[in-house]
Amino acid sequence: MVTRNEPDRWRDKYLALLEQQEASEQQVQNIQTRLRRALMMVSLLAEGQDDQLDTRLRQLRDSLRLDGSDTVPLLPDTLLEQLEQQIRQSGEQSEQQHQQLLDFIDRACEQLLQAPLPAALKRQLKGIRKRARQWQGDANGCRQQLKDWVRFSCQLVRPEQEGDVAGNQSSNEQADQNGWLEQASGWFGRWLTPRPAPAGHSQPEPGFSRIARDVTATLQGLMQRLIIPGHQQQQANQLNQRLQQDLNWYELVPVLEQASALVFACIEHGQQGMEHFLQSLDQHLQRLQGLVADSSHNSESRVQFSLVLNERVEDIRSLVTGGGDLALMGARVQQQLQQILLAMNDFSEQEQQREQYWAGQVAQMQERLQSLEQESGRIRQQLARQRHQALHDALTGLPNRAAWQERLRRDWYQLQQGHPLRMAIADIDHFKRFNDTWGHQTGDRVLQLVARTLRQQLADGTFLCRLGGEEFALLRVGGDSAGFTEAIEQLRAAIEAVPWHFQGQRVSLTLSFGIARARPDEQPQQLFQRADDALYQAKANGRNRLMVAPD
Ligand SMILES: Nc1nc2c(ncn2[C@@H]2O[C@H](COP(=O)(O)OP(=O)(O)OP(=O)(O)O)[C@@H](O)[C@H]2O)c(=O)[nH]1
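Residues numbered from 1 in each chain as written. Predicted model: local features only at pLDDT ≥ 70, side-chain atom pairs only at ≥ 80, totals over all residues. Heavy atoms only, no water.

(A) Focus on the overall build of the chain. For the chain, the count of helices and strands is 16 helices and seven strands. By sequence separation, contacts in the chain at least 24 residues apart represent 61% of the contacts at least 6 residues apart. Carbon and sulfur atoms make up 51% of the accessible area of the chain, which amounts to about 35100 Å² in all. (Helix = DSSP H or I, 4+ residues; strand = E, 2+ residues; numbered from the N terminus. Contact = heavy atoms within 4.5 Å. Areas by Shrake-Rupley, 256 points an atom, 1.4 Å probe, with all protein chains shown as cover.)

In structure tokens, the structure reads:
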């Protein structure tokens with residue numbers, strides 16, 4: 001067996017160790033290279049979170065690249081410390097940002113839940129909000145939450161690309177949601193999607209110009225509902241024509257301006273009309289107020305109504321002059337008019353009741369008046385009858401001595417006025433013999449026949465009465481003495497000419513007369529006395545004659 005010497009053995013051992021060292025160095029080199037690459041990649045991965053951190057990472061990468069050797073780079077302590085501090089701060093900031101993001105999603109969900117969204121979308125929103133609260137402090141959860149939120153937002157904008165947004169929702173809910181989404185996504189979609197540039201424009205037309213169709217439809221609806229005054233009609237027609245054409249976004253602003261000007265003009269016109277109406281209403285109410293005030297002196301209800309009307313009219317006047325919101329003003333005026341109507345109804349009812357009461361009173365009064373009239377007529381007739389009886393002789397029907405006195409007073413007044421007055425007293429000759437011969441009743445009958453004959457013969461204007469017994473008296477105002485004497489003579493002759501018969505016997509019946517003309521300076525009894533004296537003379541001279549007293 002060959003044995004190696006000691007030097008060879010140590011040389012072989014050295015060479016083996018050298019190879020082993022070279023292999024180890026190579027391995028370290030490989031590890032360093034891999035570590036450097038890993039560090040580079042990690043620093044690149046960590047970039048983009050914070051500006052200061054990015055700066056430190058760039059410095060780190062520069063340091064890693066600096067020597068270009070395969071040796072381990074010498075990283076400055078300060079850089080490592082700064083990097084460490086920066087990473088700590090960045091972590092805290094990242095946590096804060098995640099928290100803010102979750103808070104924001106939470107608030108946004110809260111606000112969107114107030115919107116009239118379909119039930120399925122609301123459920124989805126509630127899920128997002130719930131998870132946002134669960135995943136606080138969890139970066140992965142935060143990212144997941146952000147993803148959910150973005151997906152939900154995409155559904156609002158383009159649901160057709162996201163498929164079934166509500167999962168197991170009912171067909172009704174689906175229809176409801178689709179309707180809403182169609183409207184919402186259509187609007188957002190049109191807003192966000194640009195259209196090719198119109199001819200003559202280099203820029204594509206912004207997507208929001210598509211909402212011009214919605215604006216046009218809305219404006220057309222508005223135009224149909226507007227009450228357009230005559231002087232604005234032309235402007236309205238022009239606007240309608242523009243709206244019928246396809247508007248582009250360049251025209252949108254001027255059309256909106258024109259529409260708003262028209263709306264303001266219509267509102268202003270309506271307001272002026274309303275103010276004019278209110279003013280004329282005020283004038284009418286004032287007149288009504290005046291009428292009621294004029295007739296409100298005697299009736300409590302009228303005074304009350306006048307007060308109410310005053311108050312309401314003042315309210316309306318302050319509304320009219322106060323301006324303010326037109327609709328509110330109109331509503332208040334209507335309210336005041338309602339109050340006036342109620343007051344008028346009350347007033348009218350009270351007036352009706354009052355009129356009914358007074359109509360009843362008037363009817364009663366009329367009834368009483370009628371019965372009073374009948375009563376007074378009856379009394380009048382009775383009085384007339386009594387007066388007639390008081391002033392007439394019951395046997396002959398001629399006026400009596402009382403009537404004679406009354407007539408003499410009246411005619412005496414005529415005498416004092418300058419009219420001549422004449423008197424005649426007549427007495428039946430030997431009347432006593434009628435009573436004595438044929439009885440008292442025959443005497444009465446003689447008195448009646450004489451009275452009737454005298455009355456028949458007497459001319460108008462001569463007053464005849466029975467003074468009592470068989471004595472009659474006559475009075476005449478005016479005329480002359482000869483005429484009066486002749487008239488008396490005719491009476492005498494007429495009585496004498498009557499062929500009187502009593503119990504088959506022809507009987508002579510005559511009258512004697514005494515005549516006198518009144519003197520202005522004498523009294524009625526003096527005139528009577530002179531006439532009576534003349535009668536006495538006639539009797540004394542043989543009866544059946546007349547005697548005239550000297551004037
Ligand atoms: N039947 C009747 N007789 C009456 C009435 N009033 C008076 N006498 C009567 O008339 C009569 C009047 O008579 P005298 O005064 O004497 O006069 P005379 O008989 O008319 O005679 P002379 O006058 O002188 O011509 C009396 O007998 C009375 O009773 C009466 O109303 N009826």
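(B) Here's a closer look at the site of the ligand. Around the ligand sit 16 residues in total, of which His 430, Phe 431, Lys 432, Asn 435 and Asp 444 are the nearest. A distance of 3.0 Å separates a nitrogen atom of the ligand from a polar backbone atom of His 440. Separating an oxygen atom of the ligand from a side-chain N or O atom of Glu 470 is a distance of 3.4 Å. Look at the ligand: alone it shows 660 Å² of surface, and the protein chains cover 65% of it. Among the secondary structure elements, those contributing two or more residues to the shell around the ligand are strand 1 (421-428), helix 13 (432-438) and helix 14 (440-457). (Near = heavy atom within 4 Å. Polar contact = N/O pair within 3.5 Å; in protein donor to acceptor, adjacent residues only side chain to side chain.)

(C) The UniProt feature "coiled-coil region" (unreviewed entry) in the chain, seen in detail. The positions that UniProt labels "coiled-coil region" (unreviewed entry) are, in the present scheme, residues 362-389. Summarising residues 362-389: 100% helix, 0% strand, and an end-to-end C-alpha distance of 39 Å. (UniProt positions renumbered as here; feature names shortened; annotations may be inferred.)

(D) Examining the packing of aromatic side chains more closely. One pass over the full model with this rule turns up eight aromatic pairs. Judged by centre distance (5.8 Å) and plane angle (70 degrees), the ring pair of Phe 434 and Phe 502 falls under edge-to-face. One end of the pair, Phe 434, is in helix 13; the other, Phe 502, is in strand 4 (residues 500-502), and 68 residues separate them in sequence. According to the relative accessible area criterion, Phe 434 is buried, its value standing at 0%. Classification of Phe 502 as buried rests on a relative accessible area of 7%. Sitting over the face of the ring of Phe 434, Arg 433 holds its NZ or CZ atom 4.9 Å from the ring centroid. (Phe/Tyr/Trp six-rings, centres within 6.5 Å; stacked < 30°, edge-to-face > 60°. Buried < 20%, exposed > 50% of the residue type's maximum accessible area, 1.4 Å probe, protein only. Lys NZ or Arg CZ within 6 Å of the ring centre and 35° of its normal.)

(E) Local environment of a nonpolar patch on the surface. Together, Tyr 14, Leu 15 and Leu 18 give the surface a local cluster of nonpolar side chains, amounting to about 270 Å² of exposed area. When you line up the elements, Tyr 14 lands in helix 1 (residues 6-46). (Patch = residues over 30% accessible without salt bridge, like charges linked within 9 Å, V, L, I, M, F, W, Y side chains within 5 Å. Salt bridge = Lys/Arg side-chain N within 4 Å of Asp/Glu carboxyl O.)

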